[in-house]
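These are the residues of each chain, in order.
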Amino acid sequence: MIKNYLKISLRNLFTSRFYSIMNICGLGIGIACFSLIILFVKDELSFDAFHTKKDRIYRVCEKLDAEEGQGENSCSQPFPVAQAVLNDYPQLVEQAVRFFNFQEASHTLQYQDIKFNEKKTFFADSTLFRVFNFPLLIGNPEKALSEVNSIVLSQELAEKYFGDQDPLGKIIKYDGKVELMVNGVFAKMPAQSHIHFDCLISFSTLKALIGPNIGSKNWVWNPCWTYILLKEGVSPEELEKQFPSFIKKYFPDFIIPQARLYLQKLGDIHLTSKLDYELEPNADKSDIFIFFAIGIFILIIACINFMNLSTVRSTNRAKEVGMRKVFGSYQSQLIQQFLGESLLLSFFALILAFGLVAVLMPLFNSFSGKNLSVILFFNWKNASLLMVVTIIVGLVSGIYPALFLSAFEPINVLKGAFSLGKNSKLFRQSLVVIQFAISLGLIIGTIIIYQQLKYLRSADLGFKKDQVIVLPVRPPMAKAYIPFSEELRSSGKIINIATMNDILGASHNTHEYNYEGMAPNKTWIYFPSLIVSPDFVQTLNIKLVAGRAFDKNIKSDDSLSVIINEAMVKHLGWGEPHNALGKQFFTPSGHERVIGVAKDFNFVSLKETVGPFVLDLADKRNKIYWTKYIIIRILPKDVKNTIKFIEGKWNEFSQEYPFEYFFMDENLGKLYKSQDNLAKLVGYFSVLAIFIACMGLFALASFTAEQRTKEIGIRKVLGAPIYSLINLMSKEFLKLVFISALISWPLTWFIMNNWLNNFAYRINISLWAFIFSALAGITIALGTVLFHALKSAFSNPVKSLKYE
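In this report, the structure presented in the accompanying data block is examined. (Residues numbered from 1 in each chain as written. Predicted model: local features only at pLDDT ≥ 70, side-chain atom pairs only at ≥ 80, totals over all residues. Heavy atoms only, no water.)

1. Focus on the side chain of Glu-62
Selection rule: Strands are runs of DSSP state E lasting at least 2 residues, helices are runs of H or I lasting at least 4, and numbering of each runs from the N terminus. The cut-offs for exposure are 20% and 50% of the maximum accessible area for each residue type, with area from a 1.4 Å probe on protein chains only; residues under the lower value are buried, those over the upper are exposed, and the others partly exposed. In this count, Lys and Arg are taken as positive residues and Asp and Glu as negative ones, while His and the chain termini are left out. For this analysis, a salt bridge means a side-chain nitrogen from Lys or Arg found within 4 Å of a carboxyl oxygen belonging to Asp or Glu. Two N or O atoms count as a polar contact when they lie within 3.5 Å, although within protein this holds only if one can serve as hydrogen donor and the other as acceptor, and sequence-adjacent residues are included solely when both atoms are side-chain atoms. Pairs of residues are marked as contacts when any of their non-hydrogen atoms sit within 4.5 Å.
Among the secondary structure elements, Glu-62 is positioned in strand 1 (residues 57-64). Buried and without a salt bridge, Glu-62 has Arg-260 as its closest oppositely charged side chain, separated by 11 Å. Of the polar contacts made by the side chain of Glu-62, one reaches the side chain of Asn-222; its length is 3.4 Å. Excluding anything up to four places from it in sequence, Glu-62 contacts Glu-72, Asn-73, Ser-74, Ser-76, Gln-77, Pro-78, Asn-222, Phe-251, Ala-259, Arg-260, Leu-261 and Tyr-262.

So, in structure tokens, the structure goes:
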């Protein structure tokens, strides 16, 4: 029986080659697209899942709910939190691990004459390998980070510095200060980790750099990313209940009313965490949802194609069904036959999908920013999932045609009185409407995503980021900043130069302040701020709405002056910007006053609203510590030679640290990388979805033309013009496009408006995106149908009238 079913199925596939190819290609492309999207989504959802104790690992976070200040929601902690939690709650906490990097972009490592700046350098506790499963290739995980002045390198760094030599026991110099012994080498880190590092230095080494107490008495400064491993059977809520008393015990009095500690599950960090001082930019769960929905939509479009084409082909199978029923076939047998054919087509489509995924994977990786392997597609879990999906697609796609075909009345069929009927036509039209509603929605969504991304990239940030290069700085170069900057200024190759302690527009810190009119029971409150040099405002072209900028010729500015933004003036209730001038704004650096008010500028990404902000100068004692970056506005001409000149001057002042730089606008552009990837992926997959829909429409139009061949011949004989025949063929499909638009528009607006609400600064959804989608749908429908319409209109009517 099965052999007979297979023989009949193959015969029918070869007999209707055009429709079979359309079905297999449509389903194959649909399954391939869905497969790539599923691999992407699974990769995003599997972040940090390789740690065997992942369900017990939590990050300790701190929220400062300042009544008058801006506060912060930080993913990092003060130095002593980890050890204090271990000491106070041994019954709840098994281990704790801290990561620390001096809040600097890179650190210099040197072996003999080999010297490089390494960006992913962290200090870490010796318990790291007891908590996390970062793979160690060489070395003892229990001892690798337990000794003072020890370092663990990635395999790539080990090869970079030592080549084929055994790295264990080799000495590397860190930042020209401390000699470190290589105690281990770890393998390439899994891409699905929210933290990546190229080398780890033992936390105990900090004693030689910071001092023996390593910040153990400072419960305000929070530079350590702190993770804890709960004991078996302990819930995070049990520890969180202890945090209020923990804060009262250790935190300074002025911060206790504001502070709240809470735990963040390791597996939630990548997709949901948007805290201050994140280790790396995280993805957005809503973006993943949109992308997954596109995969489902593409699969639905492919299934609709299959159902439509199988149904319209039923006229060619009617006599077969009638004869088989006359000879005693049961309806159940016919259903099995047609479902078998559907499944066979699905498996052919799966084979095509395998080939397409193998070919498209490198291209997909370049668009998505991933490094997925084709091997993932062929592992048993993913292959099994696709087999299940293929079977479901085959059954879902084939169930209606199977029921429809098996229900034919043999008497009507053999009398020639069979027709598809109004219900069948309505069903097909409904499916086409669904197809085009999805396609139009994807067109609108793509336009809106691109518009929002363009807005994020071109929006006025309140400062000029173009033609600005940024140099990460170490203390020796910070000491030489004044002569270095004077050399650059005198060259005539640059416009201006300044320093800052964080990258404006990407990151900042919060600092304690006390302002005029503050409640008498308050000591300090926290506001976001940057510590800068006097020429900072001029270098980045920040506009002032009142007062003046810092002036390096006024020596008292470094301890007596601050610049605040308009949002700060409003926040403190000082009225108009000029009213703020001269107001007291005490800091730990001195009794300062407001000398200027800056027009609001985006000191963080455009996903967040502009809040109160302070620009402050480092006092003479701490100037070197706060000089983390040098920013240089260069002339737009001869950029390469200007950078070479700056590098030459750098090397004159600093032989200890290799020269490195990046452009400020490119660095800020990385904040929107996930939206970049989303825009590309949505755009390309939308095109593929529309292409699949067009394949189905093309085949459907071909069938419609065949059905109306004799009618068209009669109309031509009676003198019907060409345009009326084209109109006859096209108007049915155009009507369906209009209905699709009416369904698609409100749903798409609702979805995309919710997505845009994730951004503090967003575009308004314009009507032209919806109009364009309708015009695109009409163009696609006309272009798809026009071929068959013209072919039928220009055919010889004599042949048409002979058609059977």
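Continuing now.
2. Looking at the packing of helix 18 (residues 481-491) against helix 23 (residues 639-653)
Between two packed helices, what matters for the description is the angle formed by their axes and the separation of those axes. As a reminder of what qualifies: Lines fitted to C-alpha atoms define the axes, with helix axes restricted to the stretch in contact, and inter-axis angles between N-to-C directions lie between 0 and 180 degrees. Here the angle decides the label: under 35 degrees means roughly parallel, over 145 means roughly antiparallel, 65 to 115 means roughly perpendicular, and every other value means oblique. A clockwise turn of the near helix away from the far one marks a right-handed crossing, whereas an anticlockwise turn of less than a right angle marks a left-handed crossing. Under the convention adopted here, Pro, Cys and the residues Ala, Val, Leu, Ile, Met, Phe, Trp and Tyr are nonpolar, Asp, Glu, Lys and Arg are charged, and Gly plus all remaining residues are polar.
Running from N to C, helix 18 and helix 23 cross one another at 150°; their axes reach a closest spacing of 10 Å. Viewed along their axes, helix 18 and helix 23 adopt a mutual orientation that is roughly antiparallel. Helix 23 is crossed by helix 18, and the crossing has right-handed handedness. Two secondary-structure elements touch here, helix 18 through Pro-483, Phe-484, Glu-487, Leu-488 and Ser-491 and helix 23 through Phe-645, Ile-646, Lys-649, Trp-650 and Phe-653. Of the residues contributing to the contact of helix 18 with helix 23, the split by class is seven nonpolar, one polar and two charged.

3. As for the pairing of strand 6 (residues 121-124)
In plain terms, the rule: Should DSSP find at least two bridges between two strands, the strands are taken to pair.
Both faces of strand 6 are covered, namely the face carrying Thr-121 and Phe-123 and the face carrying Phe-122 and Ala-124. Pairing of strand 3 (residues 93-100) with strand 6, which is carried by two bridges, proceeds in the antiparallel orientation. Its bridge partner being in strand 6, Phe-100 is matched across the sheet by Phe-123. Here strand 6 runs beside strand 11 (residues 199-202); their pairing, made up of four bridges, is parallel. Its bridge partner being in strand 11, Phe-123 is matched across the sheet by Ile-201.

4. Describing helix 8 (residues 243-250)
Note the following rule: Our arc is simply the arc of the directions from the helix axis toward the C-beta atoms.
Those residues of helix 8 that sit buried are Phe-243, Phe-246 and Ile-247. Mapping the buried residues of helix 8 onto a view down its axis gives an arc of 100°, with all of them on the same face. Facing away from the buried side of helix 8 by more than 90 degrees, the exposed set consists of Lys-248 and Lys-249. Buried residues in helix 8 make contact with helix 3 (81-88), helix 7 (236-240) and strand 13 (259-265).

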